[in-house]
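Summary of structural features
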Amino acid sequence: MLLLAAAFLVAFVLLLYMVSPLISPKPLALPGAHVVVTGGSSGIGKCIAIECYKQGAFITLVARNEDKLLQAKKEIEKHSINDKQVVLCISVDVSQDYNQVENVIKQAQEKLGPVDMLVNCAGMAVSGKFEDLEVSTFERLMSINYLGSVYPSRAVITTMKERRVGRIVFVSSQAGQLGLFGFTAYSASKFAIRGLAEALQMEVKPYNVYITVAYPPDTDTPGFAEENRTKPLETRLISETTSVCKPEQVAKQIVKDAIVVTMGLFRTIALFYLGSFDSIVRRCMMQREKSEIANKTA
(Lines give C-alpha, C1' and ligand atoms only; values in the text may rest on other atoms or scores of the structure.)
Protein backbone atom coordinates (compact mmCIF):
# COMPACT_ATOMS: atom_id res chain seq x y z
CA MET A 1 0.00 0.00 0.00
CA LEU A 2 2.84 2.38 0.89
CA LEU A 3 4.60 1.54 -2.37
CA LEU A 4 1.42 2.26 -4.33
CA ALA A 5 1.02 5.64 -2.61
CA ALA A 6 4.64 6.54 -3.38
CA ALA A 7 4.18 5.55 -7.04
CA PHE A 8 1.03 7.67 -7.25
CA LEU A 9 2.85 10.67 -5.77
CA VAL A 10 5.74 10.33 -8.23
CA ALA A 11 3.31 10.04 -11.13
CA PHE A 12 1.40 13.09 -9.93
CA VAL A 13 4.58 15.18 -9.67
CA LEU A 14 5.76 14.09 -13.12
CA LEU A 15 2.36 14.94 -14.59
CA LEU A 16 2.48 18.43 -13.11
CA TYR A 17 6.02 18.86 -14.36
CA MET A 18 4.96 17.98 -17.91
CA VAL A 19 1.86 20.17 -17.77
CA SER A 20 3.57 23.26 -16.32
CA PRO A 21 5.18 24.37 -19.64
CA LEU A 22 1.75 24.27 -21.28
CA ILE A 23 0.33 26.80 -18.83
CA SER A 24 3.40 29.03 -18.75
CA PRO A 25 3.14 32.52 -20.30
CA LYS A 26 4.54 33.42 -23.70
CA PRO A 27 8.28 34.12 -23.57
CA LEU A 28 9.15 37.80 -23.20
CA ALA A 29 10.75 39.21 -26.36
CA LEU A 30 13.87 41.16 -25.37
CA PRO A 31 14.57 42.98 -28.67
CA GLY A 32 13.39 46.55 -28.05
CA ALA A 33 12.29 45.77 -24.47
CA HIS A 34 13.14 48.12 -21.60
CA VAL A 35 15.01 46.25 -18.86
CA VAL A 36 15.85 47.88 -15.53
CA VAL A 37 18.64 46.29 -13.49
CA THR A 38 19.30 47.44 -9.93
CA GLY A 39 22.75 46.75 -8.57
CA GLY A 40 23.78 46.85 -12.21
CA SER A 41 27.20 48.45 -11.91
CA SER A 42 29.06 45.22 -11.11
CA GLY A 43 28.82 41.48 -10.53
CA ILE A 44 25.73 39.52 -11.50
CA GLY A 45 23.71 42.68 -12.16
CA LYS A 46 26.17 43.97 -14.77
CA CYS A 47 26.33 40.55 -16.42
CA ILE A 48 22.52 40.39 -16.57
CA ALA A 49 22.49 43.80 -18.25
CA ILE A 50 25.08 42.61 -20.79
CA GLU A 51 23.09 39.45 -21.52
CA CYS A 52 19.89 41.44 -22.11
CA TYR A 53 21.74 44.01 -24.23
CA LYS A 54 23.14 41.23 -26.39
CA GLN A 55 19.53 40.27 -27.14
CA GLY A 56 18.53 43.78 -28.21
CA ALA A 57 17.12 45.27 -25.01
CA PHE A 58 17.31 48.88 -23.84
CA ILE A 59 18.91 49.02 -20.40
CA THR A 60 18.50 51.23 -17.35
CA LEU A 61 21.28 50.61 -14.85
CA VAL A 62 20.58 51.59 -11.25
CA ALA A 63 23.26 51.66 -8.55
CA ARG A 64 24.76 54.00 -5.95
CA ASN A 65 28.25 54.60 -7.34
CA GLU A 66 28.13 56.88 -10.36
CA ASP A 67 31.72 56.15 -11.45
CA LYS A 68 31.08 52.39 -11.47
CA LEU A 69 27.84 52.96 -13.37
CA LEU A 70 29.61 54.87 -16.14
CA GLN A 71 32.31 52.19 -16.38
CA ALA A 72 29.64 49.48 -16.59
CA LYS A 73 27.83 51.47 -19.27
CA LYS A 74 30.97 51.43 -21.45
CA GLU A 75 31.35 47.68 -21.03
CA ILE A 76 27.71 46.97 -21.84
CA GLU A 77 27.66 49.18 -24.94
CA LYS A 78 30.37 47.01 -26.51
CA HIS A 79 27.72 44.28 -26.90
CA SER A 80 25.10 46.25 -28.86
CA ILE A 81 23.44 44.56 -31.83
CA ASN A 82 22.02 47.75 -33.36
CA ASP A 83 22.65 51.49 -33.21
CA LYS A 84 19.27 52.23 -31.61
CA GLN A 85 20.04 50.60 -28.26
CA VAL A 86 20.57 52.81 -25.23
CA VAL A 87 22.11 52.30 -21.80
CA LEU A 88 20.75 54.77 -19.24
CA CYS A 89 22.53 55.18 -15.88
CA ILE A 90 20.79 56.35 -12.71
CA SER A 91 22.63 56.82 -9.43
CA VAL A 92 20.33 56.20 -6.47
CA ASP A 93 20.16 54.08 -3.32
CA VAL A 94 17.12 51.86 -3.93
CA SER A 95 16.80 50.97 -0.23
CA GLN A 96 16.46 54.41 1.39
CA ASP A 97 13.64 56.53 -0.02
CA TYR A 98 10.70 55.06 -1.96
CA ASN A 99 9.65 58.42 -3.40
CA GLN A 100 13.13 58.92 -4.82
CA VAL A 101 13.11 55.44 -6.35
CA GLU A 102 9.68 56.05 -7.84
CA ASN A 103 10.86 59.33 -9.38
CA VAL A 104 13.92 57.81 -11.05
CA ILE A 105 11.84 54.94 -12.45
CA LYS A 106 9.47 57.53 -13.93
CA GLN A 107 12.44 59.33 -15.48
CA ALA A 108 13.67 56.09 -16.99
CA GLN A 109 10.24 55.30 -18.43
CA GLU A 110 9.95 58.78 -19.93
CA LYS A 111 13.25 58.23 -21.77
CA LEU A 112 13.10 54.54 -22.70
CA GLY A 113 9.42 53.66 -22.42
CA PRO A 114 7.52 51.44 -19.96
CA VAL A 115 9.56 48.88 -18.05
CA ASP A 116 9.10 45.40 -19.52
CA MET A 117 11.41 43.64 -17.08
CA LEU A 118 12.83 44.64 -13.71
CA VAL A 119 15.74 42.71 -12.25
CA ASN A 120 16.25 43.35 -8.53
CA CYS A 121 19.92 42.58 -8.10
CA ALA A 122 20.98 45.20 -5.55
CA GLY A 123 22.16 43.56 -2.35
CA MET A 124 25.01 42.77 -0.02
CA ALA A 125 26.15 40.08 2.41
CA VAL A 126 27.66 40.31 5.87
CA SER A 127 28.39 37.18 7.83
CA GLY A 128 29.20 36.57 11.47
CA LYS A 129 27.94 34.70 14.51
CA PHE A 130 24.54 35.86 15.68
CA GLU A 131 25.76 37.33 18.97
CA ASP A 132 28.72 39.03 17.27
CA LEU A 133 26.66 40.89 14.69
CA GLU A 134 25.51 44.38 15.55
CA VAL A 135 21.74 44.90 15.55
CA SER A 136 22.32 47.61 12.95
CA THR A 137 23.66 44.91 10.59
CA PHE A 138 20.30 43.11 10.66
CA GLU A 139 18.54 46.39 9.93
CA ARG A 140 20.94 47.32 7.13
CA LEU A 141 20.71 43.96 5.34
CA MET A 142 16.94 43.89 5.59
CA SER A 143 16.85 47.40 4.17
CA ILE A 144 19.21 46.72 1.26
CA ASN A 145 18.29 43.14 0.38
CA TYR A 146 14.55 43.28 1.06
CA LEU A 147 13.32 46.88 0.84
CA GLY A 148 15.84 47.44 -1.95
CA SER A 149 13.73 44.97 -3.95
CA VAL A 150 10.34 46.14 -2.67
CA TYR A 151 10.78 49.79 -3.69
CA PRO A 152 11.69 49.32 -7.39
CA SER A 153 9.04 46.61 -7.78
CA ARG A 154 6.40 48.86 -6.25
CA ALA A 155 7.44 51.62 -8.66
CA VAL A 156 6.88 49.51 -11.82
CA ILE A 157 4.02 47.21 -10.88
CA THR A 158 1.10 49.54 -11.63
CA THR A 159 2.21 50.24 -15.20
CA MET A 160 2.91 46.55 -15.81
CA LYS A 161 -0.60 45.63 -14.67
CA GLU A 162 -2.14 48.35 -16.84
CA ARG A 163 -0.22 47.13 -19.90
CA ARG A 164 -0.88 43.47 -19.08
CA VAL A 165 2.78 42.63 -19.58
CA GLY A 166 5.87 42.46 -17.39
CA ARG A 167 8.48 40.41 -15.63
CA ILE A 168 9.96 41.06 -12.20
CA VAL A 169 13.05 39.13 -11.12
CA PHE A 170 14.20 38.89 -7.53
CA VAL A 171 17.80 37.77 -7.08
CA SER A 172 17.90 35.92 -3.78
CA SER A 173 20.60 33.39 -2.85
CA GLN A 174 21.02 29.76 -1.94
CA ALA A 175 21.13 31.19 1.57
CA GLY A 176 17.55 32.27 0.87
CA GLN A 177 16.52 28.62 0.66
CA LEU A 178 18.67 27.17 3.41
CA GLY A 179 19.78 28.94 6.58
CA LEU A 180 23.54 28.63 7.05
CA PHE A 181 25.97 29.17 9.91
CA GLY A 182 27.06 32.80 10.01
CA PHE A 183 24.21 34.04 7.84
CA THR A 184 21.51 34.80 10.42
CA ALA A 185 21.20 38.38 9.12
CA TYR A 186 21.79 37.64 5.43
CA SER A 187 19.63 34.51 5.14
CA ALA A 188 16.69 36.19 6.83
CA SER A 189 16.76 39.08 4.35
CA LYS A 190 16.94 36.67 1.41
CA PHE A 191 14.22 34.37 2.77
CA ALA A 192 11.96 37.45 2.94
CA ILE A 193 12.29 37.91 -0.81
CA ARG A 194 10.77 34.49 -1.45
CA GLY A 195 7.69 35.30 0.61
CA LEU A 196 7.29 38.63 -1.16
CA ALA A 197 7.68 37.06 -4.59
CA GLU A 198 5.21 34.22 -4.03
CA ALA A 199 2.52 36.49 -2.59
CA LEU A 200 3.06 39.11 -5.30
CA GLN A 201 2.86 36.49 -8.05
CA MET A 202 -0.62 35.52 -6.90
CA GLU A 203 -1.69 39.17 -7.09
CA VAL A 204 -0.32 39.99 -10.54
CA LYS A 205 -0.68 36.74 -12.48
CA PRO A 206 -4.20 37.61 -13.72
CA TYR A 207 -2.65 40.70 -15.33
CA ASN A 208 -0.06 38.65 -17.27
CA VAL A 209 2.75 39.87 -15.02
CA TYR A 210 5.11 37.14 -13.86
CA ILE A 211 7.59 36.91 -11.01
CA THR A 212 10.72 34.78 -10.86
CA VAL A 213 13.19 34.26 -8.04
CA ALA A 214 16.82 33.34 -8.65
CA TYR A 215 18.82 31.48 -6.02
CA PRO A 216 22.42 31.76 -7.26
CA PRO A 217 25.22 29.87 -5.49
CA ASP A 218 28.54 31.44 -4.52
CA THR A 219 29.54 33.58 -7.49
CA ASP A 220 32.86 35.23 -8.28
CA THR A 221 31.87 38.88 -7.84
CA PRO A 222 33.28 41.88 -5.94
CA GLY A 223 30.48 41.41 -3.40
CA PHE A 224 31.52 37.80 -2.81
CA ALA A 225 35.13 38.87 -2.25
CA GLU A 226 33.96 41.42 0.32
CA GLU A 227 31.71 38.82 1.97
CA ASN A 228 34.66 36.45 2.42
CA ARG A 229 36.42 39.01 4.59
CA THR A 230 33.86 38.60 7.41
CA LYS A 231 33.11 34.86 7.25
CA PRO A 232 33.62 32.85 10.45
CA LEU A 233 35.74 29.70 10.11
CA GLU A 234 32.67 27.45 10.02
CA THR A 235 31.11 29.47 7.21
CA ARG A 236 34.34 29.42 5.19
CA LEU A 237 34.57 25.64 5.55
CA ILE A 238 30.98 25.25 4.38
CA SER A 239 31.66 27.49 1.38
CA GLU A 240 34.71 25.43 0.44
CA THR A 241 32.50 22.38 -0.10
CA THR A 242 30.82 24.09 -3.07
CA SER A 243 32.21 25.48 -6.30
CA VAL A 244 32.22 29.18 -7.15
CA CYS A 245 30.33 30.07 -10.32
CA LYS A 246 31.18 32.66 -12.95
CA PRO A 247 28.79 35.66 -12.95
CA GLU A 248 28.30 35.36 -16.72
CA GLN A 249 26.93 31.83 -16.35
CA VAL A 250 24.64 32.80 -13.49
CA ALA A 251 23.36 35.85 -15.38
CA LYS A 252 22.59 33.86 -18.51
CA GLN A 253 20.49 31.36 -16.53
CA ILE A 254 18.64 34.12 -14.66
CA VAL A 255 17.71 35.89 -17.90
CA LYS A 256 16.59 32.62 -19.48
CA ASP A 257 14.38 31.75 -16.50
CA ALA A 258 12.89 35.26 -16.44
CA ILE A 259 12.01 35.23 -20.14
CA VAL A 260 10.42 31.79 -20.12
CA VAL A 261 9.26 31.72 -16.45
CA THR A 262 10.47 28.24 -15.58
CA MET A 263 10.00 26.37 -12.33
CA GLY A 264 11.77 23.47 -10.70
CA LEU A 265 10.42 19.95 -10.31
CA PHE A 266 9.51 20.24 -6.63
CA ARG A 267 7.99 23.67 -7.16
CA THR A 268 5.41 22.07 -9.46
CA ILE A 269 3.92 20.15 -6.53
CA ALA A 270 2.35 23.43 -5.43
CA LEU A 271 0.59 23.84 -8.79
CA PHE A 272 -2.38 21.82 -7.56
CA TYR A 273 -2.99 24.30 -4.77
CA LEU A 274 -1.94 27.41 -6.67
CA GLY A 275 -4.34 26.61 -9.49
CA SER A 276 -7.35 26.79 -7.17
CA PHE A 277 -5.99 29.90 -5.43
CA ASP A 278 -5.36 31.64 -8.76
CA SER A 279 -8.94 30.96 -9.88
CA ILE A 280 -10.23 32.68 -6.75
CA VAL A 281 -8.03 35.71 -7.39
CA ARG A 282 -9.08 35.86 -11.06
CA ARG A 283 -12.78 35.72 -10.21
CA CYS A 284 -12.34 38.57 -7.73
CA MET A 285 -10.49 40.63 -10.34
CA MET A 286 -13.23 40.08 -12.94
CA GLN A 287 -15.96 40.98 -10.46
CA ARG A 288 -14.07 44.14 -9.47
CA GLU A 289 -13.62 45.20 -13.10
CA LYS A 290 -17.32 44.60 -13.84
CA SER A 291 -18.25 46.68 -10.81
CA GLU A 292 -15.94 49.52 -11.91
CA ILE A 293 -17.45 49.51 -15.40
CA ALA A 294 -20.96 49.53 -13.96
CA ASN A 295 -20.11 52.49 -11.71
CA LYS A 296 -18.69 54.47 -14.65
CA THR A 297 -21.79 53.89 -16.80
CA ALA A 298 -24.26 54.57 -13.97
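Structure shown above.
About the cut-offs
- Residues numbered from 1 in each chain as written.
- Predicted model: local features only at pLDDT ≥ 70, side-chain atom pairs only at ≥ 80, totals over all residues.
- Heavy atoms only, no water.
- Buried < 20%, exposed > 50% of the residue type's maximum accessible area, 1.4 Å probe, protein only.
- Helix = DSSP H or I, 4+ residues; strand = E, 2+ residues; numbered from the N terminus.
- Pairing = 2+ DSSP bridges.
- Axes fitted to C-alpha atoms, helices over the stretch in contact; angles between N-to-C directions.
- Parallel < 35°, antiparallel > 145°, perpendicular 65-115°, else oblique.
- Left-handed = near helix turned anticlockwise from the far one by under 90°.
- Contact = heavy atoms within 4.5 Å.
- Nonpolar A, V, L, I, M, F, W, Y, C, P; charged D, E, K, R; others polar.
- Polar contact = N/O pair within 3.5 Å; in protein donor to acceptor, adjacent residues only side chain to side chain.
- Salt bridge = Lys/Arg side-chain N within 4 Å of Asp/Glu carboxyl O.
- Phe/Tyr/Trp six-rings, centres within 6.5 Å; stacked < 30°, edge-to-face > 60°.
- Lys NZ or Arg CZ within 6 Å of the ring centre and 35° of its normal.

So, the pairing of strand S4 (residues 117–120)
Regular strands show a simple pattern: their side chains alternate between the two faces of the sheet. Covered by surrounding structure in S4 are Met117 and Val119 together with Leu118 and Asn120, the residues of both alternating faces. Bridging between strand S1 (residues 34–38) and S4 involves four bridges; their strand directions are parallel. If you follow Thr38 over to S4, its bridge partner there is Asn120. Bridge count for S4 against strand S5 (residues 166–171) is four bridges, and the pairing is parallel.

Notes on the packing of helix H2 (residues 43–54) against helix H9 (residues 247–260)
H9 packs onto H2 with a crossing angle of 60° between their chain directions and a minimal axis gap of 8 Å. Between H2 and H9, the angle falls in the class oblique. Of the two possible hands of crossing, H2 and H9 adopt the one that is right-handed. Contacts between H2 and H9 involve Gly43, Ile44, Cys47, Ile48, Glu51 and Cys52 from the former and Pro247, Glu248, Val250, Ala251, Lys252, Ile254 and Val255 from the latter. Per-class residue counts for the contact of H2 with H9 are nine nonpolar, one polar and three charged.

Here's the deal with the environment of Gln55
On the secondary structure map, Gln55 appears in the loop between H2 and strand S2 (58–63). The class for Gln55 is partly exposed, based on a relative accessible area of 29%. Placed 25 residues apart in sequence, Gln55 and Leu30 show a C-alpha to C-alpha distance of 6.0 Å. Ignoring anything within four residues of it in the chain, the contact list for Gln55 reads Leu30, Pro31, Ile81, Val255 and Ile259. Here Glu51 takes part through its side chain, which lies 3.3 Å from a polar atom of the side chain of Gln55.

Observations concerning the sheet that holds S4
Adjacent strands of a sheet form backbone hydrogen bonds with each other and so pair up, either parallel or antiparallel. Strand order in the open sheet made by the six strands is S3-S2-S1-S4-S5-S6, with parallel pairing throughout. Unpaired on one side and paired on the other, strand S3 (87–91) and strand S6 (209–214) mark the two borders of the sheet. Within this sheet the neighbouring strands show an average axis-to-axis angle of 15°, counted without direction. Alignment of S2 against S3, held across five bridges, turns out to be parallel. The partner of Leu61 across the bridge, within S3, is Cys89. Strands in contact with helix H4 (residues 98–112) are S1, S2 and S3; relative to S3, the strand with the most contacts, it is inclined by about 165°. On the sheet, helix H5 (residues 135–163) packs against S1, S4, S5 and S6 and is oriented at approximately 170° with respect to S4.

Here's the deal with the pattern of salt bridges
Two side chains bearing opposite charge may form a pair once their charged atoms approach each other closely. Applying the stated criterion across every chain yields a total of six salt bridges. Between Glu75 and Lys46 there is a salt bridge; the shortest N-O distance is 3.0 Å. With a gap of 29 residues between them, Glu75 in helix H3 (residues 66–77) and Lys46 in helix H2 connect regions that are remote in the sequence. A relative accessible area of 25% places Glu75 in the partly exposed class. We note a salt bridge from Glu227 to Lys231, for which the minimum N-O separation is 3.4 Å. Overall, Lys231 belongs to the buried group, its relative accessible area being 3%.

A look at the packing of aromatic side chains
Here a ring pair, both rings aromatic, is described through the centre-centre distance and the interplanar angle of the planes. Summed over all chains, the structure comprises three aromatic pairs. Judged by centre distance (5.6 Å) and plane angle (75°), the rings of Phe130 and Phe138 are edge-to-face. By relative accessible area, which is 25% here, Phe138 ends up partly exposed. Summarising the aromatic geometry, the rings of Phe183 and Tyr186 are spaced 5.3 Å apart at their centres and angled 55° between planes, so their arrangement reads as tilted. Here Phe183 falls in the buried class, since its relative accessible area comes to 5%. The class for Tyr186 is buried, based on a relative accessible area of 10%. Lying over the aromatic face of Tyr207, Lys161 brings its terminal NZ or CZ to 4.6 Å of the ring centre.

Take it as geometry only, folks, not as evidence of what the structure does.
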